[in-house]
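# Fold and contact review
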Amino acid sequence: MKTNNEIIAKYFSGLLSKEEVIQFEERLKTDSALKNDIEKFLSLKKIDINNIEIDERYFANLIPKTREKLESRAKSKLHKLAVGVPSLAITIVLVFVLTKSNMNNEKNSLSHEIINNLNDTQIVQQYFTDIDDATKETYYNILVNEKPSVEFVDEKEKEKILAVYDSFIDDQLDENSLSQNELNNIISKIDFKNSK
Amino acid sequence: MNREEDFNLVKRFVEGDERAFNEIVKKYQKRIYWHARQMLGNHLDADEVTQEVLIVMYKKLKSFNFQSNLFTWIYKIVTTRSINQIRKNQIKRFFSIDDEENPIELKSNNDIIEDISNKEKIEKLKKVLEKLPAKQRQVFVMRNFDDLSYEEISQITGKSVGGLKANYFHALKKVLEYTNENE
């Protein structure tokens with residue numbers, strides 16, 4: 001029985017070779033079981049859709065029903081647009097406002113994090129890398145003693161160094177947007193002895 | 001002739017003649033319904049799919065470019081929608097979601113077939129087709145009841161002829177097993 005199913009299925013699917021088709025059709029002439037199985041299958045196909053008695057009112061109403069559905073969908077689409085567009089606009093504005101506020105908060109918190117977490121060595125390395133040792137030594141004396149060292153023999157040299165120092169402080173204020181107090185706070189924490 | 005007639009109907013519809021759409025529907029509605037009916041096995045699902053197909057046709061007919069026959073194009077929509085409906089039903093059954101609007105009793109009682117002998121035949125066929133996965137059912141229905149060639153089915157489904165033959169073979173084997181067991 002199983003063998004018949006396989007060969008019948010192959011025959012009707014077109015999966016048999018020409019020789020196999022000839023053999024199958026020869027066998028069909030004498031094998032009544034095979035013939036019976038095929039007839040059972042073919043009986044399934046004997047439904048003639050065109051001759052089935054159906055309630056014709058269904059097809060008569062199909063177009064009006066479809067048009068009604070189309071209209072109601074068009075209305076619902078308009079309704080969705082009327083509600084959806086303003087909602088979307090409000091959402092976009094809210095997202096924009098919240099994002100901007102978050103960005104400012106993040107910027108502030110990052111600045112504070114830098115101020116609070118940079119250690120003295122990092123600050124010295126960052127701010128004094130471009131200055132040669134002699135100048136560094138002078139800065140150290142200025143900052144520690146809050147006045148130029150007595151080792152300054154040349155008044156012009158002293159003024160020159162102080163001018164560089166002021167300009168450096170101004171640059172830092174501009175570039176990092178630090179307040180004078182915040183900068184003074186950083187400077188007061190610098191351990192110049194370790195950086196030397 | 002048929003192709004030319006379809007071309008004129010579509011042309012009239014594109015130009016704004018709404019009656020042309022009605023004529024297209026009248027021409028093909030029974031074939032659309034019966035294909036959906038054989039794929040889905042009951043009137044309510046077939047009705048839902050038929051109406052959806054007509055809505056899609058109404059919306060997309062303007063972009064139809066006659067690269068295939070109009071009915072091949074319509075068939076593609078029916079068969080895709082029917083498979084989607086089968087999957088939807090399978091998901092509902094899997095999660096045991098009751099179809100409150102259309103319970104099973106209503107699905108089987110609500111029918112447009114009036115003669116009992118054909119109703120019985122269609123019920124029997126429905127039981128056989130329920131054993132087949134959606135893709136195999138699709139090929140089986142197209143080959144057996146719509147008398148389409150593999151080439152035509154290939155155009156509609158976009159599958160290779162070889163793949164379709166294999167699908168039809170497996171479908172047929174299952175149908176034969178079922179008919180042998182239940183006769």
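Reading guide: rules and limits
- Residues numbered from 1 in each chain as written.
- Chains lettered and ligands numbered in written order.
- Predicted model: local features only at pLDDT ≥ 70, side-chain atom pairs only at ≥ 80, totals over all residues.
- Heavy atoms only, no water.
- Core = buried A, V, L, I, M, F, W, Y, C linked by side-chain atoms within 4.5 Å.
- Buried < 20%, exposed > 50% of the residue type's maximum accessible area, 1.4 Å probe, protein only.
- Helix = DSSP H or I, 4+ residues; strand = E, 2+ residues; numbered from the N terminus.
- Contact = heavy atoms within 4.5 Å.
- Buried area = accessible area lost by both parts, 1.4 Å probe.
- Salt bridge = Lys/Arg side-chain N within 4 Å of Asp/Glu carboxyl O.
- Phe/Tyr/Trp six-rings, centres within 6.5 Å; stacked < 30°, edge-to-face > 60°.
- Lys NZ or Arg CZ within 6 Å of the ring centre and 35° of its normal.
- Patch = residues over 30% accessible without salt bridge, like charges linked within 9 Å, V, L, I, M, F, W, Y side chains within 5 Å.
- Areas by Shrake-Rupley, 256 points an atom, 1.4 Å probe, with all protein chains shown as cover.
- Axes fitted to C-alpha atoms, helices over the stretch in contact; angles between N-to-C directions.
- Left-handed = near helix turned anticlockwise from the far one by under 90°.
- Nonpolar A, V, L, I, M, F, W, Y, C, P; charged D, E, K, R; others polar.
- pLDDT = per-residue confidence, 0-100.
- Lys, Arg positive; Asp, Glu negative; His and termini not counted.
- Polar contact = N/O pair within 3.5 Å; in protein donor to acceptor, adjacent residues only side chain to side chain.

Here the focus is the nonpolar core. In globular proteins that are soluble, nonpolar side chains generally tend to be buried together. All names here are of chain B. Judged by nonpolar contacts, the single largest core of 72 residues is most densely connected at Met57, Leu61, Leu70, Ile74 and Phe140. No other element matches helix H2 (residues 18-40), which puts 11 residues into this core. Apart from the residues lying within four places of it in its own chain, the contact partners of Leu70 are Asp6, Val10, Ile24, Tyr28, Leu61 and Phe64.

Attention now goes to the interface of chain A and chain B. Tallying the contact residues gives 35 residues for chain A and 46 residues for chain B. Across the chain A/chain B interface, buried area totals approximately 4,000 Å², and carbon plus sulfur atoms make up 64% of it. Our count for the chain A to chain B interface comes out at five salt bridges. Where Glu56 of chain A meets Lys30 of chain B, a salt bridge forms, and the shortest distance between an N and an O atom there is 3.1 Å.

Take the packing of aromatic side chains next. Per the counting criterion, the structure on display carries 19 aromatic pairs over all chains. Residues Phe71 of chain B and Tyr75 of chain B carry aromatic rings whose centres are separated by 4.9 Å and whose planes lie at 85 degrees to one another, so their mutual orientation is edge-to-face. Of this pair, Phe71 of chain B and Tyr75 of chain B both sit in helix H4 (residues 70-94), four residues apart, which is roughly one turn of the helix. With respect to burial, Phe71 of chain B and Tyr75 of chain B carry one shared label: buried. Connected via pairs of aromatic rings, a cluster forms that spans Tyr11, Phe12, Phe24 and Phe41 of chain A together with Phe140, Phe145, Tyr150 and Tyr168 of chain B. Over the ring of Phe71 of chain B we find Arg31 of chain B, and its NZ or CZ is 3.9 Å from the ring centre. The ring centre of Tyr168 of chain B lies 5.3 Å from the NZ or CZ of Arg143 of chain B, which sits over that ring.

This next bit is on the environment of Ile7 of chain A. Residue and element names in this part refer to chain A. Mapped onto the secondary structure, Ile7 falls in helix H1 (residues 2-13). In this structure Ile7 comes out as partly exposed when scored by relative accessible area, which is 25%. Setting aside anything within four residues of it in sequence, one finds Ile7 in contact with Leu16, Phe24, Arg27 and Leu34.

As a further point, take the pattern of salt bridges. Residues and elements named next belong to chain B. One pass over the structure, following the stated rule, counts 18 salt bridges over all chains. A salt bridge links Asp111 to Arg37; its shortest N-O distance comes to 2.7 Å. Note that Asp111 is positioned in the loop between helix H5 (104-109) and helix H6 (116-129) and Arg37 in helix H2, a separation of 74 residues in sequence. According to the relative accessible area criterion, Asp111 is buried, its value standing at 18%. Here Arg37 falls in the buried class, since its relative accessible area comes to 3%. One connected set of salt bridges, linked through shared partners, spans Arg12, Asp17, Arg19 and Glu23.

Looking now at a nonpolar patch on the surface. Residues Leu78, Leu81 and Val85 of chain A make up a contiguous nonpolar surface patch of roughly 310 Å² in combined accessible area. Mapped onto the elements of the fold, Leu81 of chain A is located in helix H4 (residues 56-117).

Another aspect to go through is the packing of H2 of chain B against helix H3 (residues 43-60) of chain B. How two helices pack is summed up by the angle between their axes together with the distance between the axes. All names here are of chain B. One can describe the packing of H2 onto H3 by two numbers: an axis separation of 9 Å at closest approach and a directional angle of 145 degrees. As H2 packs across H3, the resulting crossing turns out to be right-handed. Each of Glu18, Phe21, Ile24, Val25, Ile32, Tyr33, Ala36, Arg37 and Leu40 in H2 lies in contact with H3, whose residues at this interface are His43, Asp45, Ala46, Asp47, Val49, Thr50, Val53, Leu54, Met57 and Tyr58. Residues of the contact of H2 with H3, tallied by class, amount to 13 nonpolar, two polar and four charged.

Another point: the confidence of the model for chain B. All names here are of chain B. The pLDDT averaged across chain B works out to 88; a share of 92% of its residues lies at or above 70. Considering each helix and strand of chain B separately, the mean pLDDT is smallest for H5, with a value of 57, and largest for H3, with 95. Two summary scores accompany this predicted model of the complex, namely pTM at 0.65 and ipTM at 0.80.

With that settled, consider the side chain of Asp115 of chain B. Within the secondary structure, Asp115 of chain B is located in the loop between H5 and H6. No salt bridge forms around the buried Asp115 of chain B; measuring N to O, its nearest opposite-charge neighbour Lys121 of chain B is 7.7 Å away. Here the side chain of Asp115 of chain B touches Glu53 of chain A through a polar contact of 3.2 Å, landing on its backbone nitrogen.

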